[in-house]
Amino acid sequence: MVFLISVAFFVGAVHHLLALKKPGMYPPKALLRKRAGTLAGGGAIFLLIGIIFYTF
């Protein structure tokens, strides 16, 4: 379950990074970068938690 949450965060981060390349997007690019970084960080944390739980 934790791995699925991690994947969802990474997919969200990729979605926001791809939205950066679209011209004329409403959310400013700085906001999209911040969201992508936050989602990627959350995905990394959940991935580490999942690995820790998996080893025990």
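Residues numbered from 1 in each chain as written. Predicted model: local features only at pLDDT ≥ 70, side-chain atom pairs only at ≥ 80, totals over all residues. Heavy atoms only, no water.

## A look at the packing of aromatic side chains
Inspection of the entire model under this criterion finds 1 aromatic pair. Measuring from centroid to centroid gives 5.5 Å for F9 and F46, while their planes differ by 25 degrees, and the two rings are stacked. In this pair, F9 sits in helix α1 (residues 2–20) while F46 sits in helix α2 (residues 29–55), placing the two residues 37 residues apart along the sequence. Residue F9 is classed as partly exposed on the basis of its relative accessible area of 26%. (Phe/Tyr/Trp six-rings, centres within 6.5 Å; stacked < 30°, edge-to-face > 60°. Helix = DSSP H or I, 4+ residues; strand = E, 2+ residues; numbered from the N terminus. Buried < 20%, exposed > 50% of the residue type's maximum accessible area, 1.4 Å probe, protein only.)

## Remarks on the UniProt feature "transmembrane region" (unreviewed entry) in the protein
Listed under "transmembrane region" (unreviewed entry) in the UniProt record, and renumbered for this structure, are residues 35–54. Helix makes up 100% of residues 35–54 and strand makes up 0%, while its end C-alpha atoms are separated by 28 Å. (UniProt positions renumbered as here; feature names shortened; annotations may be inferred.)

## Focus on the environment of L48
Of note, L48 is situated in helix α2. For the pair L48 and S6, spaced 42 residues apart in the sequence, the C-alpha separation amounts to 9.1 Å.

## A closer look at a nonpolar patch on the surface
Together, F3, F10, L47, L48, I51 and Y54 give the surface a local cluster of nonpolar side chains, amounting to about 590 Å² of exposed area. Of the residues forming the nonpolar patch, the biggest block, 4 residues, is contributed by α2. Of note, F3 is situated in helix α1. Note on F3: relative accessible area 36%, which makes it partly exposed. (Patch = residues over 30% accessible without salt bridge, like charges linked within 9 Å, V, L, I, M, F, W, Y side chains within 5 Å. Areas by Shrake-Rupley, 256 points an atom, 1.4 Å probe, with all protein chains shown as cover. Salt bridge = Lys/Arg side-chain N within 4 Å of Asp/Glu carboxyl O.)

## Here's the deal with the packing of α1 against α2
Taken N-terminus to C-terminus, the directions of α1 and α2 make an angle of 160 degrees; their axes are 8 Å apart at the nearest point. What the angle tells us is that α1 and α2 run roughly antiparallel. Crossing angle aside, the handedness with which α1 passes α2 is left-handed. Grouping the amino acids of the contact of α1 with α2 by side-chain chemistry returns 19 nonpolar, 6 polar and 3 charged. (Axes fitted to C-alpha atoms, helices over the stretch in contact; angles between N-to-C directions. Parallel < 35°, antiparallel > 145°, perpendicular 65-115°, else oblique. Left-handed = near helix turned anticlockwise from the far one by under 90°. Nonpolar A, V, L, I, M, F, W, Y, C, P; charged D, E, K, R; others polar.)

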